Amino acid sequence: VQLQACGGGLVQAGGSLRLSCAASGRSFSDFAMGWFRQAPGKEREFVAAINWSGAGTYYADSVKGRFTISRDNPKNTMYLQINILKPEDTAVYYCAAEQTYRFYSPTTPRTYNYWGQGTLVTVSS
């Protein structure tokens, strides 16, 4: 599956963005999906994940209550609604996919076999 992330940009603190991840090449509903981010000089970290149906979602503690992950299987697209942005949210955001109906380790990068190219989110204070 090929993944294309978009929707990043420069936003003031307190603002909102919606990231999208469009998938192509395989049946999207066969895949569990995740969002990760990597800030300059830091390791890639888990942000949120969603199982194949959308019924199961997972969030990093740092984003709970501000970020919402969702997916639209007929449109082959996953979303990340980001509200109340903080400067520490500045990072490149990556979407990832794993072909599975059993999502054992959604927070671990090595769980995912497919990665998009990333979209940059910059939050100014």
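This structure is a prediction, so every number in the text was calculated from the model and none was measured. (Residues numbered from 1 in each chain as written. Predicted model: local features only at pLDDT ≥ 70, side-chain atom pairs only at ≥ 80, totals over all residues. Heavy atoms only, no water.)

1. Comments concerning the nonpolar core
Basically, it comes down to this: We define the nonpolar core as a collection of buried residues of types Ala, Val, Leu, Ile, Met, Phe, Trp, Tyr and Cys that are connected through side-chain atoms lying within 4.5 Å of one another. The buried label goes to any residue with under 20% of its type's maximum accessible area, the exposed label to any with over 50%, and the partly exposed label to all in between, with areas taken from a 1.4 Å probe on protein chains only. The helix count covers DSSP runs of H or I at least four residues long, the strand count covers runs of E at least two residues long, and both are numbered beginning at the N terminus. Contact between two residues is taken to exist if any of their heavy atoms lie within 4.5 Å; hydrogens are not considered.
Formed by 37 residues in total, the largest nonpolar core has its most connected members in Leu3, Met33, Trp35, Val47, Met78, Leu80 and Tyr93. At the level of secondary structure, the elements contributing two or more residues to this core comprise β1 (2-6), β3 (17-24), β4 (31-38), β5 (45-50), β7 (67-72), β8 (77-82), β9 (91-99) and β11 (119-124). Setting aside residues no more than four positions away along its own chain, Met78 makes contact with Leu19, Ser20, Cys21, Phe28, Met33, Gly34, Trp35, Ile50, Ile69, Ser70, Arg71 and Cys95.

2. Examining the state of the cysteines
The cut-off we apply is this: Only a pair of cysteine sulfur atoms within 2.5 Å counts as a disulfide in this structure description.
Applying the stated criterion across every chain yields a total of 1 disulfide. Disulfide pairing is shown between Cys21 and Cys95; the S-S distance is 2.2 Å. Disulfide Cys21-Cys95: the torsion about the S-S bond is 70°, which places it as right-handed. In this pair, Cys21 sits in strand β3 while Cys95 sits in strand β9, placing the two residues 74 residues apart along the sequence. Assessed through its relative accessible area of 0%, Cys21 is described here as buried. Taking relative accessible area as the criterion, Cys95 reaches 0% and is therefore assigned buried. A disulfide-free cysteine, Cys6 has its sulfur positioned 8.5 Å from the sulfur of Cys21, the nearest such atom.

3. A look at the environment of Pro87
Mapped onto the fold, Pro87 is located in the loop between β8 and β9. Pro87 sits 74 residues away from Ala13 along the chain, and the two C-alpha atoms are 6.3 Å apart. Ignoring sequence-local partners within four residues, the contact set of Pro87 consists of Ala13, Val123 and Ser125.

4. Some points on the pattern of salt bridges
Put simply, the rule is: We define a salt bridge as a side-chain nitrogen of Lys or Arg found within 4 Å of a carboxyl oxygen belonging to Asp or Glu.
Within this structure, the stated rule accounts for 4 salt bridges. Salt-bridge contacts for Lys64 lead to Asp61; the nearest nitrogen and oxygen are separated by 3.2 Å. For the pair Lys64 and Asp61, one class covers both residues: exposed. By sharing partners, the salt bridges in this structure join Arg37, Glu45, Arg66 and Asp89 into a single network.

5. A short note on the sheet that holds β3
Where we set the bar: Any two strands between which DSSP finds at least two bridges are classified as paired. All axes are obtained by fitting lines to C-alpha atoms, using only the stretch in contact for helices, and the reported angles, taken between N-to-C directions, cover 0 to 180 degrees.
Read from one edge of the open sheet, 4 strands run β1-β3-β8-β7, paired in antiparallel fashion. Each of the sheet's edge strands pairs with one partner strand only, and the pair in question is β1 and β7. Strand-to-strand twist of the sheet, defined as the mean angle between neighbouring strand axes without regard to direction, takes the value 15°. Examined bridge by bridge, β7 and β8 share 6 bridges and lie antiparallel to one another. Bridged to Asp72 within β8 is Thr77.

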